[in-house]
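Next come the chains, spelled out residue by residue.
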Amino acid sequence: TTEIYTLSLHDALPISLLLLGVTTGTVSLIALAWFSSRNDADSWNGLEGTPLRIEARGSDRDWNFSYFGPDGTLDTADDVKSTGELSLPVGAEVVIDLRSDDFIYAFSCPDLGLKEIAVPDLEFSLSFTAERPGEFNLLMDPMCGFRLPPGETMGRIKVASASEFHQWLRKH
C-alpha cells in the first residue's frame, strides 16, 4: 500500500519559519565573516574609486590632519589623525578641506604645485592627484607676522605606494 502524507498550513508554518531562520542565520554569518575578513584600510575613503578626503586644520602654528574614516563622517571613532605629516597613496585623487582655528595659514607645497589658504570661520578646499612618490615640505608663508626659523617647516607630505599607505593607516 502507498501512504500519502499531507501537510496542513498549520504543520508547514513552523517548518517554514525554521528554514527561514536557518537561511537568514547562515547569510548573516557569511556576511559577518566577509566584513570581518576585510582589512579596514581596504574600505577606507578614497581607496574604492572616490577621492580621499582629509581635513587639514591649522591650529597653534601646526597642521593637524584628520582622515575621514570608512563611515565617511569626520570626528568619529574610525578617523585617523596626525599632526605635521600628511600621508597619501601615489596616484590617488585627494580632496583636502582647509580650516583654521586661530590664524590665516597658507597650505603651501611648491614641489607638488599646491597653495591655498585656511582662514578662521571660512572653508576652502584643494583637489589634486599625488602623481609621484616622495617626501615634500609644507612651507610656512607668513600671513600674520609670524615666521618660523630658517629651515623649519609646518610639516611634510609623504606620498608612497598604496601598500605603504595601508601600513601607515594601520599604525595610526
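Computed from a prediction, not measured in an experiment: that's the story for all the values here.

Cut-offs used in this document
Numbering of residues starts from 1 in each chain and follows the order in which that chain's sequence is written. This being a predicted model, a pLDDT of at least 70 is required before a residue's local features are given, and a value of 80 or more before pairs of side-chain atoms are given or counted; all residues contribute to the totals for chains, interfaces and linings. The basis for every side-chain value is the complete set of non-hydrogen atoms in the structure, without hydrogens or water. Secondary structure elements are defined from DSSP: runs of H or I of at least 4 residues count as helices, runs of E of at least 2 residues count as strands, and each element is numbered from the N terminus. Under the scheme applied here, a residue whose accessible area is under 20% of the maximum for its type counts as buried, over 50% as exposed, and between as partly exposed, the area being computed with a 1.4 Å probe on protein chains only. By the convention used here, residues are in contact when the closest approach between their heavy atoms is within 4.5 Å. Note on areas: these come from Shrake-Rupley sampling with a 1.4 Å probe, and a residue is covered only by the protein chains present in the view. Remark: nonpolar core denotes a set of buried residues (Ala, Val, Leu, Ile, Met, Phe, Trp, Tyr, Cys) joined through side-chain atoms within 4.5 Å. Strand pairing is assigned whenever DSSP detects at least two bridges linking the two strands. Axis definition: a line fitted to C-alpha atoms, over the contacting stretch in the case of helices. Angles run 0 to 180 degrees between N-to-C directions. Between rings of Phe, Tyr and Trp, where Trp is taken as its six-membered ring, a pair exists when centres lie within 6.5 Å; planes separated by under 30 degrees are stacked, by over 60 edge-to-face, and by other angles tilted. We count a charge as sitting over a ring when the NZ of a lysine or the CZ of an arginine lies within 6 Å of the ring centre and within 35 degrees of the ring normal.

Some remarks on the overall build of the protein chain
Point 1. What the protein chain contains, in helices and strands, is 2 helices and 10 strands.
Point 2. Scanning the protein chain from its N terminus toward the C terminus, one meets helices and strands in the order α-β-β-β-β-β-β-β-β-β-β-α.
Point 3. Residues counted as buried form 33% of the 172 residues belonging to the protein chain.
Point 4. Relative to all contacts within the protein chain whose residues are 6 or more apart in sequence, the contacts with residues 24 or more apart total 58%.
Point 5. Surface summary for the protein chain: the accessible area is close to 10500 Å², and the carbon and sulfur share equals 56%.

As for the nonpolar core
Point 1. The biggest cluster of nonpolar side chains holds 29 residues, and the ones touching the most others in it are Trp 63, Phe 65, Leu 86, Leu 88, Phe 107 and Ile 157.
Point 2. Sequence-distant contacts of Phe 107, defined by excluding residues within four places in its chain, comprise Ala 56, Trp 63, Phe 65, Leu 86, Ile 96, Leu 98, Leu 114, Lys 115, Glu 116, Leu 126, Leu 138 and Ile 157.

Brief notes about the sheet that holds strand S1 (residues 52-59)
Point 1. Reading across the sheet, the 5 strands line up as S3-S2-S1-S5-S8 and stay open at both edges, with mixed pairing between neighbours. At either end of the open sheet lies a strand with only one pairing partner, and these are strand S3 (80-83) and strand S8 (124-129). Going from strand to strand, the sheet's axes swing by 20 degrees on average, the running direction of each strand aside.
Point 2. Pairing of S1 with strand S5 (residues 93-100) involves 7 bridges; the strand directions are parallel. Across the sheet, the residue bridging to Arg 57 is Arg 99, located in S5.

Section: the packing of aromatic side chains
Point 1. Counted according to the given criterion, the structure contains 6 aromatic pairs.
Point 2. Where Trp 63 meets Tyr 105, the ring centres are 5.5 Å apart and the plane angle is 50 degrees; that geometry is what we call tilted. Taken together, the residues span a long stretch of sequence, with Trp 63 in strand S2 (residues 62-67) and Tyr 105 in strand S6 (residues 105-109) at a distance of 42 residues.
Point 3. Overall, the relative accessible area of 2% leaves Tyr 105 in the buried class.
Point 4. Sitting above the plane of the Phe 68 ring, Arg 53 keeps its charged end 3.9 Å from the centroid.

Description of the environment of Asp 97
Point 1. By the element assignment, Asp 97 lies in strand S5.
Point 2. Look at Asp 97 and you get buried, because its relative accessible area is 10%.
Point 3. Separated by 26 residues in the primary sequence, Asp 97 and Glu 123 place their C-alpha atoms 7.1 Å from one another.
Point 4. When sequence neighbours within four positions are dropped, the list of residues in contact with Asp 97 reads Arg 53, Ile 54, Glu 55, Ala 56, Phe 68, Phe 124 and Ser 125.

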